[in-house]
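Fold and geometry: a report
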Amino acid sequence: MLAANFVSFFTVQGFFIGLVFGLLKSDSADGLLTYTFLISVFFYLFSHVIVAFYFRTLSVRTYSFAKSRHESNLDQIVKEINKREKVIDTAHKITDVAAKMNTQDEMKAAA
């Protein structure tokens, strides 16, 4: 059960217990609302204390991080990025050469 669900369930229980207690003990509507509110708040806060102690007593679960596998994956990614950078640099150089040739051809045609 999730902690939020436990808190909600316990708070609703406190509401109904407070309602019954208020009906039995109070003579007025103010007393009924006061008992219901106070008992509901008590159950709400008490449920948070229970959840806090539960999470505090849980043993910390450790797992082994597959460092070598992740490092090899990252190395492959770096190699792939380097290959792509070389391809992009080659394409950039070819584009620069083509642009220079184009400007030279335009200058010859203008002269």
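On a predicted model such as this, the values are computed, not experimentally measured, just so you know. (Residues numbered from 1 in each chain as written. Predicted model: local features only at pLDDT ≥ 70, side-chain atom pairs only at ≥ 80, totals over all residues. Heavy atoms only, no water.)

It is worth spelling out the overall build of the protein chain at this point. A tally of regular secondary structure across the protein chain gives 3 helices and 0 strands. Secondary structure elements in the protein chain, listed N-terminal to C-terminal, are α-α-α. In terms of overall size, the protein chain is more extended than a compact globule, its C-alpha atoms giving a radius of gyration of 36 Å where 111 residues would be expected to give roughly 13 Å. Looking at the protein chain as a whole, 12% of its 111 residues are labelled buried. Of the contacts made within the protein chain by residues no fewer than 6 positions apart, 58% connect residues no fewer than 24 positions apart. (Helix = DSSP H or I, 4+ residues; strand = E, 2+ residues; numbered from the N terminus. Rg over C-alpha atoms; globule rule 2.2 N^0.38 Å. Buried < 20%, exposed > 50% of the residue type's maximum accessible area, 1.4 Å probe, protein only. Contact = heavy atoms within 4.5 Å.)

Scanning the model with the defined rule gives 8 aromatic pairs in all. Relative to Phe 10, the ring of Phe 6 lies with its centre 5.5 Å away and its plane at 20°, an arrangement referred to as stacked. Here Phe 10 and Phe 6 lie together in helix α1 (residues 3–25), a separation of 4 residues that amounts to about one turn. A relative accessible area of 23% places Phe 6 in the partly exposed class. Joined through ring pairs, the aromatic side chains of Phe 6, Phe 10, Phe 42, Phe 43 and Phe 46 make up one cluster. (Phe/Tyr/Trp six-rings, centres within 6.5 Å; stacked < 30°, edge-to-face > 60°.)

For Ser 26, the position within the fold is in the loop between α1 and α2 (29–57). Of note is the side chain of Ser 26, whose polar atom sits 2.5 Å from the backbone oxygen of Gly 22. At 3.3 Å, the side chain of Ser 26 forms a polar contact with the backbone nitrogen of Leu 32. With sequence-adjacent residues up to four places away left out, Ser 26 is seen in contact with Gly 31, Leu 32 and Tyr 35. (Polar contact = N/O pair within 3.5 Å; in protein donor to acceptor, adjacent residues only side chain to side chain.)

Moving on, we get to the packing of α1 against α2. Two elements in contact, α1 and α2, have axes separated by 7 Å at closest approach and are oriented at 150°. Taken together, the axes of α1 and α2 are roughly antiparallel relative to one another. For the crossing formed where α1 meets α2, the hand is right-handed. Among the residues making up the contact of α1 with α2, the classes are represented as 18 nonpolar, 8 polar and 1 charged. (Axes fitted to C-alpha atoms, helices over the stretch in contact; angles between N-to-C directions. Parallel < 35°, antiparallel > 145°, perpendicular 65-115°, else oblique. Left-handed = near helix turned anticlockwise from the far one by under 90°. Nonpolar A, V, L, I, M, F, W, Y, C, P; charged D, E, K, R; others polar.)

The terminal C-alpha atoms of α2 lie 42 Å apart, and with 29 residues this matches the ideal 42 Å at 1.5 Å per residue to within 8%. Among all positions of α2, only Gly 31, Thr 36, Ile 39, Ser 40, Phe 43, Ser 47 and Val 51 are buried. Structurally, α2 contributes buried residues whose contacts are with α1. (Expected span 1.5 Å × (residues − 1).)

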